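# Architecture and fold: a report
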Amino acid sequence: FIDLDGTLTELQKRHYEVYSRCARQFKGQLIGVDEYWHDKRANVSWHDLLTKSNIDPEQESVFLSEFAKLMESPEMLRFDSLLPSARDTLESLSKTNELVLVSLRRNRENLIRQLDELDIARYFLTIVSGHSETKEDVLKKKADLISSLGDYVGAIIIGDTEADISVGKHLGIKTVAVLSGMRD
């Protein structure tokens, strides 16, 4: 089971571009890209990021709604690129394993389109996706997506966030954490 964003793709450009557009829309003051990524990787709350950006934290739910809509738009997805060794890794792993992409993206159609544009859809036997509206339900949603596929004995999970690792522990699946994504 492989996560996409941050595990196979470099999402920093897209994430910061979406933040920048939303911050300007809300008449905020942008924080620099390095500070933004330091805070995101340290799991700083949106409340605190908005405060740093001179955006009223009371606007958090509206800001995040706009952020979510823009984040998975085809225009923004074009900011993503494959990590340097992603294609070679998928090629190698797919020769001896059945690869399953597990994504918490909201828009499945744009997910599939992006996988095709990146020319990596062919490596996956199955692509499962779904979204949780709350941070607390992320683990449950990801676990449900994996469990829906049936037997996962002998499987591994490869991901870049604490959610990926927690799901593996919850389901009793070996996990591999990569350092290329959202968390340190």
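Before reading further, recall that the structure is shown in the block above.
These notes cover the structure that comes with them. The written sequence of each chain sets the order in which its residues are numbered from 1. Selection of residues for local features in this predicted model requires a pLDDT of at least 70, selection of side-chain atom pairs for listing and counting requires 80 or more, and totals for whole chains, interfaces and linings are taken over all residues. With hydrogens and water stripped out, all remaining heavy atoms of the structure feed into the side-chain values.

### A look at the packing of helix H8 (residues 138-147) against helix H9 (residues 162-171)
All axes are obtained by fitting lines to C-alpha atoms, using only the stretch in contact for helices, and the reported angles, taken between N-to-C directions, cover 0 to 180 degrees. Segments assigned H or I by DSSP are reported as helices when at least four residues long, segments assigned E as strands when at least two residues long, and all are numbered from the N terminus. Taken N-terminus to C-terminus, the directions of H8 and H9 make an angle of 55°; their axes are 9 Å apart at the nearest point. The angle between the axes of H8 and H9 places the two elements in the oblique class. Like other packed secondary-structure pairs, H8 and H9 cross with a definite hand, here right-handed. Contact residues: Val-138, Leu-139, Lys-142, Ala-143, Ile-146 and Ser-147 in H8; Ala-163, Asp-164, Ser-166, Val-167, His-170 and Leu-171 in H9. Classifying every residue of the contact of H8 with H9 by side-chain character gives seven nonpolar, three polar and two charged. In what follows, roughly perpendicular refers to angles from 65 to 115 degrees, roughly parallel to angles under 35, roughly antiparallel to angles over 145, and oblique to any angle outside these ranges. Should the near helix be turned anticlockwise from the far one by less than a right angle, the crossing is termed left-handed; should it be turned clockwise, right-handed. Any pair of residues with heavy atoms lying within 4.5 Å of one another is described as a contacting pair. Think of it as three bins: nonpolar holds Ala, Val, Leu, Ile, Met, Phe, Trp, Tyr, Cys and Pro, charged holds Asp, Glu, Lys and Arg, and polar takes everything else, Gly as well.

### Notes on the pattern of salt bridges
Salt bridges are defined by distance alone: a side-chain nitrogen of Lys or Arg within 4 Å of a carboxyl oxygen of Asp or Glu. Counted according to the given criterion, the structure contains 14 salt bridges. Here Arg-21 makes a salt bridge to Glu-75, at a shortest N to O gap of 2.9 Å. You can see Arg-21 sitting in helix H1 (residues 12-25) and its partner Glu-75 sitting in helix H5 (residues 74-77), a full 54 residues away along the chain. The cut-offs for exposure are 20% and 50% of the maximum accessible area for each residue type, with area from a 1.4 Å probe on protein chains only; residues under the lower value are buried, those over the upper are exposed, and the others partly exposed. Under the relative-accessibility criterion, Arg-21 is labelled partly exposed at 27%. With a closest N to O distance of 3.0 Å, Lys-52 and Glu-35 form a salt bridge. Of the two residues, Lys-52 is situated in helix H3 (residues 46-52) and Glu-35 in helix H2 (residues 33-41); the sequence distance between them amounts to 17 residues. A relative accessible area of 37% means that Lys-52 is categorised as partly exposed. Of the residues examined, Glu-35 reaches a relative accessible area of 36% and is grouped as partly exposed. Here the residues in one salt-bridge network are Asp-5, Arg-14, Asp-80 and Arg-105, joined through shared partners.

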